There are 2 protein chains.
Amino acid sequence: MPIYRAPVKDQLFILNEVLNIGKYSNLPGYAEATPDLVSAILEEGAKFCENELQPINYSGDREGCTRHEDGTVTTPKGYKEAYQKFVENGWSSLTSDPEYGGQGLPHVLGFCFEEMMISSNHAFAMYPGLSAGAMAAITIDGTDEQKQTYLPKMVAGEWTGTMNLTEPHCGTDLGMLRTKAEPNEDGSYAISGTKIFISAGDHDLAENIIHLVLARLPDAPKGVKGISLFIVPKYKLDADGNPGEFNNVNVASIEEKMGIHGNSTCVLNYEGSEGYLIGEPHKGLKSMFIMMNAARIGVGMQGLGNSEVAYQNAVEYARDRIQGRSLTGPKNPDGAADPIIVHPDVRRMLMNAKAFNEASRAASLWCGLLVDLAHKAETEEERQWADDMVSLLTPIIKGVFTDRGFEYCVSSQQIFGGHGYIAETGMEQFVRDARICQIYEGANGIQALDLVGRKLGANGGRGVQAFFKYAAEVRESAKGDDRLRPFTDALGQGLKDLQQATMWLMQNGMANPDNAGAASTPYMHLFGHVLLGLMWTQMAKVSTDALDAGTSDPTFYENKLATGRYYMKRRMPEIKALLAELETGAEDVMALDAANF
Amino acid sequence: MPIYRAPVKDQLFILNEVLNIGKYSNLPGYAEATPDLVSAILEEGAKFCENELQPINYSGDREGCTRHEDGTVTTPKGYKEAYQKFVENGWSSLTSDPEYGGQGLPHVLGFCFEEMMISSNHAFAMYPGLSAGAMAAITIDGTDEQKQTYLPKMVAGEWTGTMNLTEPHCGTDLGMLRTKAEPNEDGSYAISGTKIFISAGDHDLAENIIHLVLARLPDAPKGVKGISLFIVPKYKLDADGNPGEFNNVNVASIEEKMGIHGNSTCVLNYEGSEGYLIGEPHKGLKSMFIMMNAARIGVGMQGLGNSEVAYQNAVEYARDRIQGRSLTGPKNPDGAADPIIVHPDVRRMLMNAKAFNEASRAASLWCGLLVDLAHKAETEEERQWADDMVSLLTPIIKGVFTDRGFEYCVSSQQIFGGHGYIAETGMEQFVRDARICQIYEGANGIQALDLVGRKLGANGGRGVQAFFKYAAEVRESAKGDDRLRPFTDALGQGLKDLQQATMWLMQNGMANPDNAGAASTPYMHLFGHVLLGLMWTQMAKVSTDALDAGTSDPTFYENKLATGRYYMKRRMPEIKALLAELETGAEDVMALDAANF
């Protein structure tokens, strides 16, 4: 059975020393988030995830969700009880608006808890995860009445939410969607159509489920400019605002999936279900993107969360499993063999994962801070800067972190040899669960296109210029210290290569958009390396400062420097290959006729 | 439901034009393999795989194998009938020795059929696959009596075979194995112990199962020098050589695995089972390696087989699924959207897989030819050259082709978006099935160590020198033609980089063996790129020759050139990253104390 220990120490290092969140105590929510409170919350979160969620992760995968003959859906054994505790302990309201009963704590703190939830139980974490997306849309686009009707119950976790986008014939291209919304006389709408891949689409955890559904009004223009967003509760609310009559949101089936079996991915048939327009008619795509963007950073963190737990189990196994001898002579001479952690190729796989996990954790939490700053910073300039940066980083975090997260689940499974292929070690579950992250909330190819097609050029390139400026400042701050040379050197080269790739895109993507398309994924991964290299440089600088200041825990900081050096020296050179690949342009990619594949 | 079309045309291109097997008609088996016969056999093989094996692949995965209360094991619906046809149609004896009833056809032909079997049904293909390994050991190490007793039945497919290596506490490090062989009075041995991960360990396809089991004699020295190999039939043979009394080979359980559910991976308890020593006492490891080496090339081809079928389905989906518009304007203006094959990032994924599949097919079949030449070539010099080359290439084919094969199953699944994550498209099965190839028959990290630790230095580096010489000749033959410049340039650079990496290993691996260990996987993948680049250069040369000769099918050869250019220009640059990674040595890989992960 797999193990999990929440990385609280590393999260506190990032919050307190790298991001220095204490300096934002002038902002709402941050004032309350004193170091003691933050630490206490993370410790409690760790306990909840380790003791309540992790023990039902493997069993939940084996059992899966069940659709009963009467159309109701039940979650695996233990999920309902765990969800009750989740609600009772206040985890559902951690970062929500106090106006609706939330605790109003910083998002960056919520991100820490999110990572732990994913590591301990990805399928379970998706239930509140989807609620968060739905709440974001209601918060931004809902009327006051809608907010008062739905948010307090959702914040409290009594009700959950979903996002209903995909239909059998369209996912990425939402312009083709067919679900209809016919006006009723009372101002509501009758929603009819089939939605597929609806995560947390039905279950027994909450009293009601608030579906946010994309559909077309009768007078809707064709394509994406004719999509509206509707609130469709599973149960209509009675006069007191409590769940009443069933709203004809019928579960046609639960999808048979590769993984995340503990989450009920539903095919939902809306059959004249009562829905309420949210936001302006025909502008549902905008609201949908509000949900999606929040969700995309979350999905990026899922890449990290899966990689982290798979890595922890691989470390445990590599320390325990004795097999063969070290190439440099026995390290466990009294035993029949050495533990496999002595082997450089096992180390290589562990170091790849560790170096990614720690840097992607820093990047994710930085992003969490930026989300807060974009809303709460004192000046418009600061808010805009943070917003630009979040917009730019979102596709990179989603696309790169989930590709890498999957890769390190696979390599951590590999460390188990044949035992990793057997269900009971739990390693193959991490691989199957992590795989969805590369697909949902916009497949990673779409993230890459979003990056090169939208984000790079947005506002005249303001975001990417701000990134280069920020990275140059970080690098400058680390200069002149020999211990930091591997960091400043590799980051400097990475930035130069990223600049060259960006220039190439500007020059060649305009001339032939297929050049941008053919370059998009290598470019996104190139950017990902620079982002992680930047995080390592920041963490390395903090570490040398701590060592110079005579920290009482020098090993922690020395390990940071060693892990970071590994990343800069062994992972960053991949940039050269990505740059060469993208600079070949679209010609060879598009050379064949479609018939000739 | 997935589709599959055997790549007969491409296999014939490789056999007849690239490898030119007609020129070996002086060798046993090749004389019979006339172009017409080869073509007829491949067409028949394609029919069998497409019509009999592929249709039960998905259902076999869903159903899995069953261990009944009485300890017997049944395979999924349709497997037994398909196996009967497999035997009746003579597929089990295709390349076996005519002395034991085999057809004696070239191994290179058997390799073609093997690829088709894996693509159409990986789990099924493992039953005869394991028999082949067991037959190889009996052929080489068995006494005449043992050969006469077992081979005719196994060649005919009436009995199957297995390889029993792994025990719960040891897989890679066989020196620790504990299964005991106690001498009986009649010269046989009583075998007792538990073996795990035994593929095709029990089933209802054949009358008897001939287990080849590693065990220790009472006087065995410790470690790998005390392992002996035994033949242990599931049913002891009666006086007429027919299966009689049950031999106490008990199926404790069928492992719950990530994939290949149609194959019964068993935990076998030997309880005083009667076994017969094969080969010399304490030298079982040598015999085991005979089985393993044959099997390793086969497993490499499994990487290709899975990648090929996943790719074919991705192509089909990419041509059919309409979603979004081409970046360069509508390509299907009358439809609601364009097929997704118009998108460069979809093309990128398809081209990656296609360029790998075609070159790895060429490399595998070349290896099949080399296996034949190592046994049958006229001069000792030719046999030695072929044997050196097979030894060198085996770990590369196993390690690189299975890593890449898995990668392209994943990217082909990615093209399906959310639909790829749902079981019914069959894409996630390819991913789960392909995953085992990186693990079994020596995990890929072991392949990399075999390459740098054994194969490179074997016979004073004779194999790797022969490879460089051969590659230089191929490159030379393609020089001076502008159409081949992308090939000769990239191959030239690749060979230079491979030489540099090999030199680095020689200089630094001696000084500190951990340097070799830390470099092993990047080195193996670097070598893999050069091997595939070499194959593309050969195929490109053949293609320009055919075009110059006025072929009637110019599109075929032009597509070869375009696909090859893609590989040389977009994939080969990865070598630079691998070289930079390996040249950093072991220091950063080994920097942390084991306790600090």
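Bear in mind the structure is a predicted one, so any value in this text is a computation, not a measurement.

Rules used throughout
Residues numbered from 1 in each chain as written. Chains lettered and ligands numbered in written order. Predicted model: local features only at pLDDT ≥ 70, side-chain atom pairs only at ≥ 80, totals over all residues. Heavy atoms only, no water. Least-squares fit on C-alpha atoms with pLDDT ≥ 70 in both. Contact = heavy atoms within 4.5 Å. Axes fitted to C-alpha atoms, helices over the stretch in contact; angles between N-to-C directions. Helix = DSSP H or I, 4+ residues; strand = E, 2+ residues; numbered from the N terminus. Parallel < 35°, antiparallel > 145°, perpendicular 65-115°, else oblique. Left-handed = near helix turned anticlockwise from the far one by under 90°. Nonpolar A, V, L, I, M, F, W, Y, C, P; charged D, E, K, R; others polar. Polar contact = N/O pair within 3.5 Å; in protein donor to acceptor, adjacent residues only side chain to side chain. Buried < 20%, exposed > 50% of the residue type's maximum accessible area, 1.4 Å probe, protein only. Expected span 1.5 Å × (residues − 1). Buried area = accessible area lost by both parts, 1.4 Å probe. Salt bridge = Lys/Arg side-chain N within 4 Å of Asp/Glu carboxyl O. Core = buried A, V, L, I, M, F, W, Y, C linked by side-chain atoms within 4.5 Å. Disulfide = S-S within 2.5 Å. Phe/Tyr/Trp six-rings, centres within 6.5 Å; stacked < 30°, edge-to-face > 60°.

> A description of the relation of the copies chain B and chain A should follow, citing residues and the corresponding values.
Rotating chain B by 180° about the axis while translating it 0.0 Å along that axis superimposes it on chain A, leaving an RMSD of 0.0 Å. The symmetry that links the two subunits is that of a two-fold axis. It is B:A577 whose C-alpha, among those of chain B, lies nearest the rotation axis, at 3.0 Å. Most of the interface of chain B is mirrored in chain A: 100% of its interface residues are interface residues there too.

> Outline the packing of helix α9 (residues 380-415) of chain B against helix α12 (residues 444-455) of chain B, listing residues and values.
All names here are of chain B. Relative to each other, α9 and α12 sit at 155°, their axes nearing to 9 Å. Comparing the axis directions of α9 and α12 gives the class roughly antiparallel. With respect to the hand of their crossing, α9 and α12 are arranged in left-handed fashion. Taken together, the residues of α12 that come into contact with α9 (itself represented by S391, L392, P395, I396, K398, G399, T402 and D403) are N444, Q447, D450, L451 and K455. For the contact of α9 with α12, a count of residues per class yields four nonpolar, five polar and four charged.

> Any chance you could break down the environment of B:G22 for me, citing the residues and the numbers?
As for its placement among the helices and strands, B:G22 is situated in the loop between α1 (8-18) and α2 (35-53). A sequence separation of eleven residues divides B:G22 from B:A33, and the C-alpha atoms of the two residues are 8.3 Å apart.

> So what's going on with the side chain of B:T160? Which residues, and what values?
Residues and elements named next belong to chain B. Within the secondary structure, T160 is located in strand β3 (residues 159-164). A distance of 2.9 Å separates polar atoms of two side chains, one belonging to T160 and the other to H203. When near neighbours in sequence (up to four residues on either side) are disregarded, T160 contacts Y83, S131, M154, H203, A206, N208, I209 and I210.

> If you had to explain the environment of B:E280 to someone new, which residues and values would you point to?
All names here are of chain B. Of note, E280 is situated in the loop between β11 (266-278) and α7 (284-320). By relative accessible area, which is 48% here, E280 ends up partly exposed. Put simply, E280 and T72 are 208 residues apart on the chain and 33 Å apart in space, counted from C-alpha to C-alpha.

> Explain α7(B) to me, and be specific about the residues and the numbers.
Taking 1.5 Å per residue as the helical rise, α7(B) with its 37 residues ought to reach 54 Å, and the 53 Å between its terminal C-alpha atoms agrees with that figure. Of all 37 residues in α7(B), 30 are buried, a share of seventy percent or more.

> Give a detailed account of the interface of chain B and chain A, specifying residues and quantitative values.
Each partner contributes to the interface: chain B provides 90 residues, whereas chain A provides 91 residues. Across the chain B/chain A interface, buried area totals approximately 7,800 Å², and carbon plus sulfur atoms make up 59% of it. Among the residues of chain B in contact with chain A, B:Y421, B:R570 and B:F597 are the three that bury the most area, contributing 12% of the side total. For the interface between chain B and chain A, the tally reads ten salt bridges. Two residues, A:E581 and B:R570, come together in a salt bridge whose shortest N-O distance is 3.4 Å. At the boundary of chain B with chain A, the tally comes to 52 residue pairs in polar contact (both at pLDDT 80 or more). Take the side of chain B that touches chain A: its biggest share by element is nine residues, from helix α16 (residues 554-571) of chain B. Counted by class, the side of chain B that touches chain A contains 42 nonpolar, 25 polar and 23 charged residues.

> An account of the nonpolar core is needed here, citing residue identities and associated values.
Membership of the largest hydrophobic core comes to 406 residues, with the highest contact counts inside it found for A:F467 and B:F467. Leaving out residues up to four positions away in the same chain, B:F467 has contacts with B:M389, B:L392, B:L393, B:L495, B:L498, B:F527, B:V530, B:L531 and B:L534.

> An account of the pattern of salt bridges is requested, with residue identities and associated values reported.
All names here are of chain A. Going through the model one piece at a time under the given rule, you end up with 76 salt bridges over all chains. In this structure, R361 engages D10 in a salt bridge whose closest nitrogen and oxygen atoms are separated by 2.7 Å. With R361 in helix α8 (residues 344-376) and D10 in helix α1 (residues 8-18), this residue pair connects regions lying 351 residues apart in the sequence. Of the two residues, R361 and D10, neither departs from the other in class, the shared state being buried. Measuring nitrogen to oxygen at the nearest pair gives 3.1 Å for the salt bridge that ties E52 to K85. A residue pair is termed long-range when its members are at least 10 positions apart, and E52 in helix α2 (residues 35-53) and K85 in helix α4 (residues 79-88) qualify at 33 residues. Here E52 falls in the partly exposed class, since its relative accessible area comes to 25%. Each of D10, E115, E308, K354, E358, R361 and K560 takes part in a single network of salt bridges with overlapping partners.

> Got a sec to walk through the state of the cysteines? Specific residues and values, please.
Going through the model one piece at a time under the given rule, you end up with zero disulfides over all chains. Of all cysteine sulfurs in the structure, the one in A:C409 sits closest to A:C437, which takes part in no disulfide; the separation is 8.2 Å. Taking the relative accessible area as the measure of exposure, A:C437 reaches 0% and is therefore buried. Unpaired in terms of disulfides, B:C170 finds its nearest cysteine sulfur in B:C266, a separation of 18 Å. Taking the relative accessible area as the measure of exposure, B:C170 reaches 0% and is therefore buried.

> I'd like to hear about the packing of aromatic side chains, residue by residue, with values.
Residues and elements named next belong to chain B. This structure, assessed with the given rule, holds 51 aromatic pairs over all chains. Geometrically, the ring pair formed by F356 and Y408 is tilted, given 5.4 Å between the ring centres and 45° between the ring planes. In this pair, F356 sits in helix α8 (residues 344-376) while Y408 sits in helix α9, placing the two residues 52 residues apart along the sequence. Accessibility classification places F356 together with Y408 in one group, the buried group.

Everything listed is a geometric property; what it means functionally is a separate question.
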